[in-house]
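# Per-entry structural report
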Amino acid sequence: MLALRRLRSPSTRARRRVGVLAALTVVGLVASCTSAPPAPSPTDIPTPTSFRRGPEASGRGNGQVTTETLLTHLDIPWGIAFLPDGSALVTERHKRRILKVGPRRDANGKLTVSTLTSIEGVYANNEGGLLGIAVSPRYSRDKTIFVYYTTKVDNRIAKVRLVGNRPRPEAIVTGIPQAGVHNGGRLAFGPDGYLYASTGDASRAGGAQSLNDLGGKILRMTVAGKPAPGNPFQGSLVWSYGHRNPEGMAWDASGRMYVAEIGEAVWDEVNLIQPGKNYGWPKVQGMSQIAGLTNPIAVWRPEIGVTNGIAIIGHTAVVTCLRGQRIYLMGLGGPINIASERIQSSGTGEASIKWRPGAGVTGRPVDALVGKFGRIRDATVAPDGSIWLTTSNRDGRNQPVASDDRLIRLTLRGTKASSSTPTPR
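Residues numbered from 1 in each chain as written. Predicted model: local features only at pLDDT ≥ 70, side-chain atom pairs only at ≥ 80, totals over all residues. Heavy atoms only, no water.

## Describing the overall build of the protein chain
Threshold: The helix and strand labels rest on DSSP assignments: H or I over at least four residues marks a helix, E over at least two residues marks a strand, and numbering proceeds from the N terminus. Accessibility here uses a 1.4 Å probe with only protein chains present; expressed as a share of the type maximum, an area under 20% marks a residue as buried, one over 50% as exposed, and anything in between as partly exposed. What makes two residues a contact is simply this: any of their non-hydrogen atoms within 4.5 Å.
For the protein chain, the count of helices and strands is two helices and 26 strands. Per-residue burial over the protein chain gives 55% buried out of 425 residues. Considering only residue pairs separated by 6 or more positions, the protein chain has 57% of its internal contacts joining residues 24 or more positions apart.

## Focus on the confidence of the model for the protein chain
Definition in use: pLDDT: the predictor's confidence for each residue, scored from 0 to 100.
When the pLDDT values of the protein chain are averaged, the result is 88; 84% of them are 70 or greater. The least confident element of the protein chain is helix α1 (residues 10-32), whose mean pLDDT is 39; the most confident is strand β12 (residues 217-221), at 99. Predicted confidence is poor over residues 1-51, with pLDDT under 50, and the contacts of this stretch with residues over four places away or in other chains come to 74 contacts.

## Some thoughts on the pattern of salt bridges
The condition that has to hold: The term salt bridge refers to a side-chain nitrogen of Lys or Arg lying within 4 Å of a carboxyl oxygen of Asp or Glu.
Under the defined criterion, the tally for this structure stands at 17 salt bridges. Between arginine 168 and glutamate 120 there is a salt bridge whose closest N-O contact spans 2.8 Å. Linking arginine 168 in the loop between β8 (155-161) and β9 (170-176) with glutamate 120 in the loop between β5 (111-118) and β6 (130-135), this pair joins segments that are 48 residues apart in sequence. Given the relative accessible area of 32%, glutamate 120 is considered partly exposed. In this structure, arginine 377 and aspartate 395 form a salt bridge, with 3.5 Å as the shortest nitrogen-oxygen distance. Separated by 18 residues along the polypeptide, arginine 377 in strand β24 (residues 376-381) and aspartate 395 in the loop between β25 (387-391) and β26 (407-412) bring together distant segments of the chain. Overall, the relative accessible area of 5% leaves arginine 377 in the buried class. With a relative accessible area of 11%, aspartate 395 lands in the buried category. Taken together, the salt bridges that share partners define one network made up of Glu247, Arg375, Arg377 and Asp395.

## Focus on the environment of lysine 110
Among the secondary structure elements, lysine 110 is positioned in the loop between β4 (97-105) and β5. Along the backbone, lysine 110 and leucine 71 are 39 residues apart, and their C-alpha atoms lie at a distance of 8.1 Å.

## Focus: the environment of valine 366
By the secondary structure assignment, valine 366 is in strand β23 (residues 366-368). Taking the relative accessible area as the measure of exposure, valine 366 reaches 16% and is therefore buried. A sequence separation of 304 residues divides valine 366 from asparagine 62, and the C-alpha atoms of the two residues are 9.1 Å apart. When residues no more than four places from it in sequence are discounted, the contact partners of valine 366 are Arg60, Gly61, Gln64, Ile327, Tyr328 and Leu329.

## So, the sheet that holds β23
Counted only if it meets this: DSSP bridges decide pairing: two strands pair if at least two such bridges lie between them. Each axis is a line fitted through C-alpha atoms, taken for helices only over the stretch in contact, and angles between the N-to-C directions span 0 to 180 degrees.
Read from one edge to the other, the open sheet built from four strands follows the order β18-β19-β20-β23, with strand pairing classed as antiparallel. Edge positions in the sheet fall to β18 (307-313) and β23, since each has one partner strand and no second. When strand polarity is set aside, the average angle formed by the axes of neighbouring strands in this sheet is 25°.

## Overview of the pairing of β25
Of all the five residues making up β25, five are buried; the element is thus mostly covered by neighbouring parts of the structure. Going residue by residue along β25, you find Ile387, Leu389 and Thr391 tucked away on one face and Trp388 and Thr390 tucked away on the opposite face as well. Hairpin geometry of β24 and β25 is characterised by an intervening segment of five residues between the two adjacent antiparallel strands and by a positive phi of about 90° at glycine 385. Examined bridge by bridge, β25 and β26 share four bridges and lie antiparallel to one another. The residue of β26 that forms the bridge with threonine 390 is leucine 407.

## What about the nonpolar core?
Using the following cut-off: In this text, buried Ala, Val, Leu, Ile, Met, Phe, Trp, Tyr and Cys residues form a nonpolar core when linked through side-chain atoms within 4.5 Å.
By size, the foremost hydrophobic cluster in this structure holds 21 residues, and its most contacted members are Val270, Ile297, Trp300, Ile310 and Met330. Top element by residues in this core is strand β19 (residues 316-321). It accounts for three residues. Once residues within four sequence positions are removed from consideration, methionine 330 is found in contact with Val270, Ile297, Ala298, His315, Thr316, Ala317, Val361 and Pro365. Membership of the second largest hydrophobic core comes to 19 residues, among which are Tyr148, Ile172, Ala197 and Leu219.

## What about the side chain of serine 288?
Where we set the bar: In protein, a polar contact requires one atom able to donate a hydrogen and another able to accept it; more generally it is a pair of N or O atoms within 3.5 Å, and residues adjacent in sequence count only if both atoms are side-chain atoms.
Structurally, the position occupied by serine 288 is in the loop between β16 (268-273) and β17 (298-300). We classify serine 288 as buried; its relative accessible area is 10%. Within polar-contact distance, the side chain of serine 288 engages the backbone nitrogen of isoleucine 290 at 3.3 Å.

## A word on the packing of aromatic side chains
Which entries qualify depends on this criterion: Centres within 6.5 Å are what make two rings of Phe, Tyr or Trp a pair, Trp counting through its six-membered ring; a difference in plane orientation under 30 degrees is then read as stacked, over 60 as edge-to-face, and the rest as tilted.
Under the criterion given, the structure shown has six aromatic pairs. On the numbers, 5.1 Å between centres and 65° between planes, the contact of tyrosine 196 with tryptophan 251 is edge-to-face. In this pair, tyrosine 196 sits in strand β11 (residues 195-199) while tryptophan 251 sits in strand β14 (residues 245-251), placing the two residues 55 residues apart along the sequence. Accessibility assignment for this pair places tyrosine 196 and tryptophan 251 in one class, buried. Between the aromatic rings of tryptophan 300 and tyrosine 328, the centroid separation amounts to 4.2 Å while the plane-to-plane angle is 25°, which identifies the pairing as stacked. One end of the pair, tryptophan 300, is in strand β17; the other, tyrosine 328, is in strand β20 (residues 326-331), and 28 residues separate them in sequence. A relative accessible area of 0% places tryptophan 300 in the buried class.

Shown next, in the form of structure tokens:
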């Protein structure tokens, strides 16, 4: 189950950084000597040559998906949530804006876009800024949304009533550790009506194992930011712990919760979350046989991953990747025997993938959209049963093209959404 953490010497890391910088320099020189091509149509954007394809980029899942680019020229869009009228709220990490997208279209058929509001007090430090967003299931009555954002002293969760000209955030949870990296940041209402948040370890790995530290956790709370009834640790927001940098959260039709988690140097993870369980970081990452630690249900290498978002439609989980610049389609719905230690694997080295049939994974996750859109971050199920994706090519870790960043609508062929609207608690 979770393979023991593999340490690399500073000299190895330094050599890799030099190699990456040299490669980026060459790409930049080539791009500067090439004339700009005609602007692509918004629904048919070609693969930018600067987007690096990872190893074993099979694209076996391409035939299962169709895509449409909805918006271009965004600035690091990070989170997506939908209002009852079908319009989407999209956060921009560094500009601290919340954009309202649609549902109306203009004379050219494009979705209308406006700035709904900006969040005061946001500190955009590398991976920090305005991050996750969730809409109250009672929005038609309370006009309330929830946001997760970085300040100079912490990460925090706030509620915002969208009334008046300058709605202000009211913090409901403070003191989540912040740093330039590993801020977590997703928000979502579960089918039980409670608000969930994924928090990173803020580069303080040991905090992920401490129940007194809000970093490296999945949190579960009421809309007032209090521990939800039924939480596994009395008086605590903590739902699960031992996470490094969990982000995407999703539930299947049976109410099971899945989280996409960015690993360190060896494995990225998809975890089936059980309350009160310890998911191992920083003791281990990946799969191992250490008593008291809970294994992920699927893992792959960062070279083909850096797993970020997850959305579930029917029996398929769509998992997004930043560095791997792709999505994975992972079949769910097999019999669940969580105690089963059976592990299947495919590929070697940087192309390695492992999964657990006993955890309901029906086969090898297959990749799609490899290199087509660059770094893919969020994945959120839309009211029409499609999945909306965001790209992160302007975050300083890729060579963006003129149309970046983008909001993309993805449709899985032959599947339908099956979810219920939660009632907030």
